[in-house]
Amino acid sequence: MNLRQSFTFGVFLLLACTIAFTKASRIELESKAKTSTEYTKLERAPATAPLELSFAFTMPEKAIKALQRTLLEVSDPLSKQYGQYLTVDQVTKLLSASSSKVEQLSNYLTNQGVKGPFELGLHGMVMNVAMSVEQAETILGTQFYEYCHSSYDRYCLYRAERYSVETSLANTIDFIGGVVHFPSLEYARAKKTSEPQSVDGNWQIGWTPRALRDLFNMSNASPKKGSGNRQGVASFLGQYYDEPDLQEFFTLFYQGGIGHSPSKVIGDQGILPGVEANLDVQYIMGTSDLVDTWVYSNAGMFFI
């Protein structure tokens, strides 16, 4: 082998080692996802377009087993722990990522030019991060494209076909939401339905009873009179519904309900109505097309 051949071989060997090292320095978290047939792939996403990504932290096997064990114990009538459900703080303490993982990811993103603050969500298991497409492509080693829903062309989003992270993050990040997966048809339909729309010449905004009935294909369904159908709403912690507010809701969003009320109200209605209890009664009566409704109000936490 002459000098030229030796030099050429050395260059190729160095290039091969560099490529192998580059691949080894990253780990693919999710392989190419099956592209939804409901979406059409368009052009590359603009570099400056904003993205909202959710970095899910890895969970220790110990924490997963502890949660499974607790779930079985509080659900077993024969267990001493039966009914002793965990509080929100206890669940957060059990599932939240360690401070070292949060700090590692925060420092990494900052070094990549991503500006905070970085918010933790879902009991501390996820870090929600806002960044540009250009930053995401660099961090995840991928390319983002614009996809638009085939039936709802106004509903578009940016997605990639696969992504990876540096091996230093392999034990910190489980997956990243908002990269390869697509919302279902129902979610896209919900986004469209929640926009202002014209119904019988009148504009409505958001989730009205009619919008919900259309969403779940209930537009032509009505309760059969005399069938004995009945539905109930249970309110706790002193929550109760307000009759004038119900009639105002019907006037604005469901004129067919004007003058109708729950046929039976059980429990102390208190002095001040509750928002949650009001909405429960308003929407269950509006979407069910006035099925006979009973309302139970309890000042405590349990329905006994």
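This brings us to the environment of Val-133. On the secondary structure map, Val-133 appears in helix H5 (residues 133-140). Through-space distance from the C-alpha of Val-133 to that of Tyr-145 is 9.5 Å; in sequence the pair is twelve residues apart. The residues touching Val-133, leaving out its near neighbours within four places in the chain, are Ala-45, Pro-46, Ala-47, Ala-49, Leu-51 and Phe-144.

As a further point, take the packing of aromatic side chains. Each aromatic ring pair is described using two quantities: the centre-to-centre distance and the angle formed by the ring planes. Taken as a whole and assessed by the stated rule, the structure comprises seven aromatic pairs. Here the aromatic rings of Phe-249 and Phe-253 are separated by 5.3 Å at their centres, their planes lie at 55 degrees, and the arrangement is tilted. Of this pair, Phe-249 and Phe-253 both sit in helix H8 (residues 243-253), separated by four residues, roughly a single helical turn. With relative accessibility at 34%, the residue Phe-253 sits in the partly exposed group. With a centroid separation of 6.4 Å and 50 degrees between ring planes, the pair formed by Trp-294 and Tyr-296 is classed as tilted. Looking at Tyr-296, the relative accessible area reads 24%, which means it is partly exposed. Of the aromatic side chains, those joined through ring pairs into one cluster are Phe-249, Phe-250, Phe-253, Tyr-254 and Tyr-283.

Another point: empty space enclosed by the protein. Under the defined criterion, the tally for this structure stands at one cavity of 30 Å³ or more. A volume near 40 Å³ is recorded for the largest cavity. Taken together, Phe-57, Thr-58, Met-59, Pro-60, Ala-63, Leu-94, Leu-95, Ser-96, Ala-97 and Met-125 make up the lining of the largest cavity. For the lining of the largest cavity, the class distribution of residues is eight nonpolar, two polar and no charged.

On to the pattern of salt bridges, then. Tallied over the entire structure, the rule returns four salt bridges. Between Arg-162 and Glu-28 there is a salt bridge, with the nearest N and O atoms lying 3.2 Å from each other. Of the two residues, Arg-162 is situated in the loop between strand E7 (156-159) and strand E8 (163-166) and Glu-28 in strand E1 (residues 26-30); the sequence distance between them amounts to 134 residues. Note on Arg-162: relative accessible area 38%, which makes it partly exposed. With a shortest N-O distance of 3.0 Å, Arg-230 and Asp-292 are connected by a salt bridge. Here Arg-230, found in strand E12 (residues 230-235), pairs with Asp-292, found in strand E14 (residues 292-297); they are 62 residues apart in sequence, far enough to count as distant. On the basis of relative accessible area, Arg-230 is assigned to the exposed category, the value being 52%.

What follows deals with the state of the cysteines. Enumeration according to the criterion identifies one disulfide in this entry. With its sulfur 1.9 Å from that of its partner, Cys-148 forms a disulfide with Cys-156. Across the S-S bond linking Cys-148 and Cys-156, the dihedral sits near 105 degrees, which makes this disulfide right-handed. The buried category is assigned to Cys-148, whose relative accessible area is 11%. Assessed through its relative accessible area of 30%, Cys-156 is described here as partly exposed.

For the protein chain, the average pLDDT comes to 79, and 76% of its residues sit at 70 or higher. When mean pLDDT is taken per element in the protein chain, H5 scores highest with 95 and helix H1 (residues 3-24) scores lowest with 45. Confidence drops under pLDDT 50 across residues 6-11; counting only partners more than four residues distant or on other chains, this segment forms one contact. Here residues 196-204 scores under 50 on pLDDT; set against residues more than four positions off or in separate chains, the count is twelve contacts.

In terms of nonpolar packing, the biggest core is built from 29 residues, with Phe-55 and Leu-109 touching the most fellow members. Of all the elements in the fold, those that place two or more residues in this core are strand E3 (50-57), helix H4 (99-111), strand E5 (126-132), H5, E8 and strand E9 (173-177). Sequence-distant contacts of Leu-109, defined by excluding residues within four places in its chain, comprise Phe-55, Val-114, Phe-118, Met-127, Val-129, Met-131 and Ile-139. Counting nine residues, the second largest nonpolar core, distinct from the first, contains Phe-249, Phe-250, Tyr-254 and Met-285.

Glancing now at the environment of Gln-84. Mapping Gln-84 onto the fold places it in the loop between helix H2 (61-75) and helix H3 (88-95). Note: C-alpha distance between Gln-84 and Leu-71 (13 residues apart in sequence) is 9.9 Å.

This part is about the side chain of Ser-132. Structurally, the position occupied by Ser-132 is in strand E5. Ignoring sequence-local partners within four residues, the contact set of Ser-132 consists of Ala-47, Thr-48, Ala-49 and Leu-51.

A few words now on helix H9 (residues 275-287). Helix length check: H9, at 13 residues, gives a terminal C-alpha distance of 18 Å against a target of 18 Å (1.5 Å per residue), a fit within 8%. Of all the positions in H9, only Ala-277, Asn-278, Val-281, Gln-282, Met-285, Gly-286 and Thr-287 are classed as buried. Looking at the residues trailing H9, positive phi occurs at Asp-289, about 60 degrees.

Next up on the list: the pairing of E3. In the sheet, E3 pairs with E5 via seven bridges, with the strands oriented antiparallel. Each bridged residue has a counterpart across the sheet, and for Leu-51 the counterpart in E5 is Met-131. Note that E3 and E9 share four bridges and pair antiparallel. Residue pairing for E9: Phe-57 is matched across the bridge by Ile-173.

Calculation rules
- Residue indices follow the written sequence of each chain, beginning from 1 at its first position.
- Only residues with pLDDT of at least 70 get local features here, since the model is predicted, and only at 80 or more are side-chain atom pairs given and counted; chain-wide, interface and lining totals rely on the full set of residues.
- For the side-chain quantities, the full set of heavy atoms in the structure was used; hydrogens and water were omitted.
- Think of it this way: any DSSP run of H or I at least four residues long counts as a helix, any run of E at least two long counts as a strand, and we number them from the N terminus.
- Pairs of residues are marked as contacts when any of their non-hydrogen atoms sit within 4.5 Å.
- Between 30 and 60 degrees the pair is tilted, below 30 it is stacked and above 60 it is edge-to-face, where a pair is any two Phe, Tyr or Trp rings, Trp via its six-membered ring, whose centres lie within 6.5 Å.
- Whether a residue is buried, partly exposed or exposed follows from its accessible area with a 1.4 Å probe, protein chains only, as a fraction of its type maximum: under 20%, in between, or over 50%, in that order.
- The way it works is a 1 Å grid over only the protein atoms, where trapped points that fit a 1.4 Å probe form a cavity and open points with protein on both sides within 12 Å along at least five of seven lines form a pocket, and then any residue with an atom within 4 Å of a point lines it.
- Grid points are joined across faces, edges and corners, and a volume is the space filled by probe spheres set on the points.
- Residues are grouped as follows: Ala, Val, Leu, Ile, Met, Phe, Trp, Tyr, Cys and Pro are nonpolar; Asp, Glu, Lys and Arg are charged; every other residue, Gly included, is polar.
- Salt bridges are defined by distance alone: a side-chain nitrogen of Lys or Arg within 4 Å of a carboxyl oxygen of Asp or Glu.
- By definition, disulfides here are pairs of cysteine sulfur atoms that lie within 2.5 Å.
- Residue-level confidence of the predictor is what pLDDT reports, using numbers from 0 through 100.
- Put simply, buried Ala, Val, Leu, Ile, Met, Phe, Trp, Tyr and Cys residues joined by side-chain atoms within 4.5 Å make one nonpolar core.
- A helix's residues, less one, multiplied by 1.5 Å, set its expected span.
- Here, strands pair whenever DSSP counts at least two bridges between them.

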